[in-house]
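Listed here are the chains, written in short residue letters.
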Amino acid sequence: MATFPANLRYTAEHEWVDDSVPTTIGITDTATEALGDIVYLELPTVGTDIEAGAVIGEVESTKSVSELFSPVSGTVVEVNQAAIDDPSVVNADPYGEGWLMKVQVSAEGELLDAAAYEGLAAG
Amino acid sequence: MTPTSPLLAEHEALGATLTDFAGWQMPLRYTSDIAEHTAVREAAGLFDLSHMGEIAVIGRGAERALDYALVGNLTALAVGRARYSMLCQEDGAVIDDVVVYRLAEERFVVVANASNASVVLEELTARAEGFDAHVVDMSADIALVAVQGPRSLEIVSAVAPGQHKVLDQMPYYASATVRVLGHDVLVSRTGYTGEDGFELYVPNALAVELWRALLEAGRPFGMVPAGLAARDSLRLEAGMPLYGHELDRTTTPFEAGLGRVVKLDKTDDDGAPLAFVGRAALESRKGAQPARVLVGLQGLGRRAARAGYPVVSGTQEGAVVVGSVTSGAPSPTLGYPIALAYVTPEVSAEGTELGVDVRGRAEPVRVVPFPFYRRPQG
């Protein structure tokens, strides 16, 4: 069953952000369940300026590929090298060990609270 | 009417992610594509293939009707054996690839892809006209369960007491009526994974009991239920074509590298060349250099080529498109991306370095022979 932690906010494209500084970004378990086993992550490098709503990477599974949309604007300050090396951690723990990157946020994109995202994911 | 596998509730109870396949709700995966794939390579997997079409061709003229309808020589098929064949158009292009079982002198079953089952039924019915044969669609009444993997023999034997020897001695691409759970069941040694395995055809009413018994019997051997995602990556590693990808109505068996299934030498009782649908077109294609050739590609990077991606020659600027990927995925067994692609003959030689345009960036690939994976023998 998909979970929707209440302390996170979400995009309609199935990314999540937390409220820490810098902000941690990942993909939801709704996304990982739809993708299946993730085998390859392409993430921006540290120092890249990203823009909310823009494609900043891709998540490839055995069955498919999906683009990663930035939930925020800002600068990438850290990427999860462990997840790049072994993307299965994103399936196993999408809200924890499977985070993707940390961003110094300058502006937020359109973010949903857990209830709103759950409604969307269920639809 | 939406067709339904009699095992749908079983899949839901197992927590499967379902996918629509030719109108059927079928399990895509139960837990993990890779885990299910690996289980089939190392132990076994249990598949529900009830969406496949089963069409019986019955009668004194059944063998001749099939000789006319299909490109293969079905008169020569011995009772108890199965053969891979194709149903082609007059222009030689493939309507479907099928497995034909000869259950008795005058009784055949044609197993068709789910997406093509109705058109195969239509074509067989039309093509059997004038022969002493009738064509019966049994698809809605029959469930198909496959056990695939190196432990298959032990697992199927466990639900078929006293039948181990029959199963053990069953050659590849053979079938027999085997006593399973107290019922006479059509069992064949066939599959679509590159592993040893069995396929069991049962009436819908027996499907749940059989599924549960196999699941139970297979557990100590490491068998897991496996979905269509694993089935697709397994068949790709084994270099087996998938209709709609490597085969379609613009492709002849020769382009697909499957010219061996076209039996131009089949003859009637007087030794004269036997007419069959597509013969003239296929005769002229045989030996001619096809405009495109199906090749295997090994990805040299990490990103996988996917169906529909362009194959390019020269990964730098000025690259020209030389083909198109038909199937591609990261290979769980081999650990690198693999793909099948149609390319122009000039770039089809083994070892040729090409590129695949993976969403705007050329990824390097090398032409390699397929199957990409062969099971260890012995």
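Located above this text is the structure these notes cover.
What this report covers is the structure whose coordinates are included nearby. (Residues numbered from 1 in each chain as written. Chains lettered and ligands numbered in written order. Predicted model: local features only at pLDDT ≥ 70, side-chain atom pairs only at ≥ 80, totals over all residues. Heavy atoms only, no water.)

## Considerations on the overall build of chain B
In terms of regular secondary structure, chain B is built from nine helices and 19 strands. Taking 21 Å as the expected radius of gyration for a compact globule of 378 residues, we find that chain B reaches 21 Å, a close match to that expectation. Counting only C-alpha atoms and orienting by the principal axes, one finds that chain B spans roughly 65 × 55 × 45 Å. Counting contacts in chain B only where the partners sit at least 6 residues apart, residues at least 24 apart contribute 65% of the total. Just so you have it, chain B exposes about 15200 Å², and 52% of that area is on carbon and sulfur atoms. Taking the average location of the 33 positive side-chain charges in chain B and that of its 46 negative ones, the two points are 5 Å from each other. (Helix = DSSP H or I, 4+ residues; strand = E, 2+ residues; numbered from the N terminus. Rg over C-alpha atoms; globule rule 2.2 N^0.38 Å. Contact = heavy atoms within 4.5 Å. Areas by Shrake-Rupley, 256 points an atom, 1.4 Å probe, with all protein chains shown as cover. Lys, Arg positive; Asp, Glu negative; His and termini not counted. Charge placed at Lys NZ, Arg CZ, Asp CG, Glu CD.)

## Things to note about the side chain of Asp196(B)
All names here are of chain B. Take aspartate 196: it is sitting in the loop between β11 (183-188) and β12 (197-203). Of note is the side chain of aspartate 196, whose polar atom sits 2.8 Å from the side chain of arginine 189. Among residues more than four places away in sequence, those in contact with aspartate 196 are Gln148, Gly149, Ser152, Arg189 and Arg375. (Polar contact = N/O pair within 3.5 Å; in protein donor to acceptor, adjacent residues only side chain to side chain.)

## Section: the side chain of Arg29(B)
Turning to its location among the elements, Arg29(B) is positioned in strand β2 (residues 24-29). Among the polar contacts made by the side chain of Arg29(B), one reaches the main-chain carbonyl oxygen of Glu33(A) at a distance of 3.1 Å. Look past the residues within four positions of Arg29(B) in its chain and what remains in contact with it is Glu33(A), Ala34(A), Leu35(A), Gly36(A), Lys63(A), Ala16(B), Thr17(B), Glu36(B) and Gly227(B).

## Section: the sheet that holds strand β7 (residues 65-69) of chain A
All names here are of chain A. Taken in spatial order, the three strands make up an open sheet running β4-β6-β7, and their pairing is antiparallel. On the outer flanks of this sheet lie β4 (38-42) and β7, each paired with one strand and no other. In this sheet, adjacent strand axes meet at a mean angle of 20° when their direction is disregarded. (Pairing = 2+ DSSP bridges. Axes fitted to C-alpha atoms, helices over the stretch in contact; angles between N-to-C directions.)

## A look at the sheet that holds strand β3 (residues 45-48) of chain B
Strand order across the open sheet formed by six strands is β10-β11-β12-β9-β3-β13 (chain B), with mixed pairing between neighbours. At either end of the open sheet lies a strand with only one pairing partner, and these are β10 (175-180) and β13 (224-225) of chain B.

## Overview of the interface of chain A and chain B
Interface size is commonly expressed as the accessible surface area that is lost when the partners come together. On the side of chain B, 17 residues touch chain A, which itself brings 17 residues to the contact. When chain A packs against chain B, close to 1300 Å² is buried across both sides, 42% of that on carbon and sulfur atoms. On the chain A side of the interface with chain B, the three residues burying the most area are Asp37(A), Thr62(A) and Lys63(A), jointly 39% of the side's total. Where chain A packs against chain B, one counts six salt bridges. A salt bridge links Arg359(B) to Glu58(A), with the nearest nitrogen and oxygen atoms 2.3 Å apart. At the junction of chain A and chain B, the tally comes to 15 residue pairs in polar contact (both at pLDDT 80 or more). Going through the elements one at a time, α1 (29-35), β4 and β6 (55-61) of chain A are the ones with two or more residues in the side of chain A that touches chain B. (Buried area = accessible area lost by both parts, 1.4 Å probe. Salt bridge = Lys/Arg side-chain N within 4 Å of Asp/Glu carboxyl O.)

## Focus: the environment of Pro241(B)
Residue and element names in this part refer to chain B. By secondary structure assignment, the location of proline 241 is in the loop between α8 (228-237) and α9 (279-285). With 86 residues separating them along the chain, proline 241 and serine 327 place their C-alpha atoms 8.9 Å apart. Excluding its chain neighbours within four sequence positions, the residues that come into contact with proline 241 are Tyr84, Asp97, Tyr192, Arg235, Glu246, Leu247 and Leu258.

## Some points on the nonpolar core
All names here are of chain B. With 44 residues, the main nonpolar core has Val71, Tyr84, Met86, Leu247 and Val262 as its most contacted residues. By residue number, the principal contributor to this core is strand β5 (residues 82-88), which donates four residues. Leaving out residues up to four positions away in the same chain, valine 262 has contacts with Val71, Pro253, Phe254, Phe276 and Leu282. Formed by 32 residues, the second largest nonpolar core is a distinct cluster that contains Leu206, Ala213, Leu214 and Met223. (Core = buried A, V, L, I, M, F, W, Y, C linked by side-chain atoms within 4.5 Å. Buried < 20%, exposed > 50% of the residue type's maximum accessible area, 1.4 Å probe, protein only.)

## Quick word on the pairing of strand β16 (residues 320-330) of chain B
Two faces make up the sheet, and in a regular strand the side chains alternate between them. Counting buried positions along β16(B) yields eight of 11 residues, so the element is predominantly enclosed. What sits between the antiparallel neighbours β16(B) and strand β17 (residues 337-343) of chain B is a turn of six residues, in which Gly335(B) has the positive phi angle 85°.

## Some words on the packing of aromatic side chains
Counted under the stated rule, the structure contains seven aromatic pairs over all chains. Ring geometry for Tyr172(B) and Tyr173(B): centres 5.1 Å apart, planes at 70°, overall edge-to-face. What links up through ring pairs into an aromatic cluster is the set Phe4(A), Tyr10(A) and Tyr117(A). It is Lys102(A) that lies over the ring of Trp99(A); its NZ or CZ is 4.8 Å from the centre. The side chain of Arg41(B) reaches across the aromatic face of Tyr373(B), ending 3.9 Å from its centre. (Phe/Tyr/Trp six-rings, centres within 6.5 Å; stacked < 30°, edge-to-face > 60°. Lys NZ or Arg CZ within 6 Å of the ring centre and 35° of its normal.)

## A word on the environment of Glu246(B)
Residue and element names in this part refer to chain B. Along the chain, glutamate 246 falls in the loop between α8 and α9. When the C-alpha positions of glutamate 246 and serine 327 are compared, they lie 7.5 Å apart, and in sequence the two are 81 residues distant. With near-sequence residues (within four places) excluded, glutamate 246 lies in contact with Arg235, Met240, Pro241, Thr251, Ala256, Leu294, Thr326, Ser327, Leu340 and Tyr342. Within the structure, the side chain of glutamate 246 is placed 3.1 Å from the side chain of arginine 235, a separation counted as a polar contact.

## Remarks on helix α4 (residues 117-127) of chain B
The periodicity of an α-helix, 3.6 residues per turn, causes residues three or four places apart in sequence to face the same way. Residues and elements named next belong to chain B. Where α4 is concerned, the buried positions are Ala117, Val119, Val120, Leu124 and Arg127. On an axial view of α4, the arc spanned by its buried residues comes to 160°, and they lie on one face. In α4, the exposed positions angled more than 90 degrees off the buried face are occupied by Ser118 and Glu122. Those residues of α4 hidden inside the fold are in contact with β4 (53-58), α3 (62-69), β5, β6 (94-104), β7 (107-112) and β8 (134-137). (Arc of directions from axis to C-beta.)

Any functional reading would require information beyond the geometric quantities listed.
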